[in-house]
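Structural description and commentary
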Amino acid sequence: SGPWMCYPGYAFKVPALPSCRPLLRLQCNGSQVPEAVLRDCCQQLADISEWCRCGALYSMLDSMYKEHGVQEGQAGTGPFPSCRKEVVKLTAASITAVCRLPIVIDASGDGAYVCKGVATYPDA
């Protein structure tokens, strides 16, 4: 296992984390997250290598914006109408910590719980 397995074109494909989408929307809007929603997202994220979890969250966020035809990180539109782009990014980056799932943050194998650089768009 290693970071190479997270890249497109390899046998391992990073999923779009459909179970984490409602969690991100609810958290970002300040709503209560039902236990089942949290459990489903955490289970889906747990099935992904700790090397790839942040990339999977990045891909999920990116696809959510693209599905709504929104420029990445554009505030007040798309899937997060009442959430500033900085809050969306921080919320997505913290999902691994909410789920208590470790991640690997660099090639040295150092671990953490909160993703760094999730969805860092040029205009962010």
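Here is what the cut-offs are and how they apply
Residues numbered from 1 in each chain as written. Predicted model: local features only at pLDDT ≥ 70, side-chain atom pairs only at ≥ 80, totals over all residues. Heavy atoms only, no water. UniProt positions renumbered as here; feature names shortened; annotations may be inferred. Core = buried A, V, L, I, M, F, W, Y, C linked by side-chain atoms within 4.5 Å. Buried < 20%, exposed > 50% of the residue type's maximum accessible area, 1.4 Å probe, protein only. Helix = DSSP H or I, 4+ residues; strand = E, 2+ residues; numbered from the N terminus. Contact = heavy atoms within 4.5 Å. Salt bridge = Lys/Arg side-chain N within 4 Å of Asp/Glu carboxyl O.

If you check an unreviewed UniProt entry, the protein chain appears there as Alpha-amylase inhibitor from Aegilops speltoides. Turning to the protein chain, the UniProt record has this under Subcellular location (unreviewed entry): "Secreted". You can read under Function (unreviewed entry) in the UniProt record for the protein chain the words "Alpha-amylase inhibitor."

For the rest of this paragraph, the subject is the nonpolar core. Leu-17, Leu-24, Met-60, Phe-80 and Ile-95 are the most contacted members of the largest nonpolar core, which has 30 residues in total. Looking at this core, the elements with two or more residues in it are α1 (21–28), α2 (35–46), α3 (53–67) and α4 (85–93). When residues in this core are grouped by element, the largest group, seven residues, is from α3. Aside from chain neighbours lying at most four places away, what touches Ile-95 is Leu-23, Leu-24, Gln-27, Cys-41, Leu-45, Leu-57 and Met-60.

Positioned with a positive phi, Arg-100 is a non-glycine residue whose angle comes to about 55°. Among the structural elements, Arg-100 can be located in the loop between α5 (95–98) and β1 (103–104). A relative accessible area of 69% places Arg-100 in the exposed class.

With respect to the element layout, Ser-63 can be found in helix α3. Its relative accessible area of 19% is what places Ser-63 among the buried residues.

When their charged atoms lie close together, side chains carrying opposite charge are able to pair. Under the counting rule described, the total for this entry stands at three salt bridges. Between Arg-39 and Asp-40 there is a salt bridge whose closest N-O contact spans 4.0 Å. One salt bridge in this structure joins Lys-66 and Asp-62, with 2.9 Å as the shortest N-O distance. Here Lys-66 and its partner Asp-62 are both found in helix α3, four residues apart, which amounts to about one turn of the helix. By relative accessible area, which is 52% here, Lys-66 ends up exposed.

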